[in-house]
Amino acid sequence: NMADVAVQSEGRSSGIVINDDWPGYSLDLFNYPAHYSGDLDCVIIPHGVIMDRTERLARNIMDDLGDHDIVVLCVLKGGYQFCADLVDRIKALSRNSNHTIPMRVHFIRLKSYLNDQSTEDLHIVGAEDLSFLAGKNVLVVEAIVGTGKTMQTLLKHVEAFRPKMIKVAGLLVKRVPHNSPCLPDYVGFEIPNRFVVGYALDYNEYFRDLNHICAISESGKTKYKI
Ligand code: HPA
Ligand code: MG
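As the structure is a computational prediction, the values presented were derived from the model and not from experiment. (Residues numbered from 1 in each chain as written. Chains lettered and ligands numbered in written order. Predicted model: local features only at pLDDT ≥ 70, side-chain atom pairs only at ≥ 80, totals over all residues. Heavy atoms only, no water.)

With that settled, consider the pattern of salt bridges. Counting across every chain of the model gives nine salt bridges. Between Asp41 and Arg194 there is a salt bridge whose closest N-O contact spans 3.9 Å. Highlighted residues: Asp41 in strand 2 (residues 40-45) and Arg194 in the loop between strand 8 (186-191) and strand 9 (196-197), separated in sequence by 153 residues. The exposure class assigned to Arg194 is partly exposed, which follows from its relative accessible area of 31%. Here Arg59 and Asp63 are joined by a salt bridge, their closest N and O atoms 3.4 Å apart. Placement of both Arg59 and Asp63 in helix 1 (residues 47-65) is noted, with a separation of four residues, approximately one turn of the helix. Overlapping salt bridges bring together Lys77, Asp202, Glu205 and Arg208 as one network. (Salt bridge = Lys/Arg side-chain N within 4 Å of Asp/Glu carboxyl O. Helix = DSSP H or I, 4+ residues; strand = E, 2+ residues; numbered from the N terminus. Buried < 20%, exposed > 50% of the residue type's maximum accessible area, 1.4 Å probe, protein only.)

Taken as a whole and assessed by the stated rule, the structure comprises seven aromatic pairs. Ring plane angle 75° and centroid distance 5.8 Å describe the contact between Phe195 and Tyr203, whose orientation is recorded as edge-to-face. Taken individually, Phe195 and Tyr203 each receive the classification buried, so the pair is uniform in this respect. Site record: aromatic cluster; members linked through ring pairs are Tyr36, Tyr206, Phe207 and Tyr224. (Phe/Tyr/Trp six-rings, centres within 6.5 Å; stacked < 30°, edge-to-face > 60°.)

At a minimum axis separation of 9 Å, helix 1 and helix 2 (residues 80-96) run at an interaxial angle of 60°. One element, helix 1, and the other, helix 2, form an angle in the oblique class. In this structure, helix 1 crosses over helix 2, and the sense of that crossing is right-handed. The segment helix 1 lies against helix 2, with Met51, Thr54, Glu55, Leu57, Ala58, Arg59, Ile61 and Met62 engaging Phe82, Asp85, Leu86, Arg89, Ile90, Leu93 and Ser94. (Axes fitted to C-alpha atoms, helices over the stretch in contact; angles between N-to-C directions. Parallel < 35°, antiparallel > 145°, perpendicular 65-115°, else oblique. Left-handed = near helix turned anticlockwise from the far one by under 90°. Contact = heavy atoms within 4.5 Å.)

Written out as structure tokens, the structure reads:
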């Protein structure tokens, strides 16, 4: 019984580190939508590995936050798949222990990327009143953290509503030259500084329907350029 196994805390971790020289897996080794053939270079993280890592993050989050209600704040659009799977795993773990955690799930939408470039104007789309966050334990769930600028802006926005605690779960953290000191509390993977797609991460709204996290090819970039 997995729930009975004593799991040692990871502490704050950079997650599974994928080095710059990691060539990825050949696309021929996996299934992926035929409409993307030629648009990808390789599989960086297969879907199954994402799910296994997510299960462990759920465990860590339960260990840290499991004593109180949680308000999950899913950062759209890229975060929807990770958030859905993470919440699912937290629910499964609570079912298997005698320890259920009331969770509310809310959504906030950010946009800052055009093609594969971060634009200056980060905006919170349809920013609603988040005053219900006051006094709550908030778990912000993001798919990817690059420079950390997006995360900093978002955290400032959320902090203004006076939650009791804010933790951040990020599936991917990019090793960028100017990594901000502001890193997620729970990190799935640390990845090289290259543009990735799949598992809800997009390139101009394409590739969200790809299960694996992949590197986009040059011809893929050209094909879907705006
Ligand atoms: N892929 C997709 N969306 C992103 C990325 C990325 O590598 N970085 C920031 N937003
Ligand atoms: Mg995007």
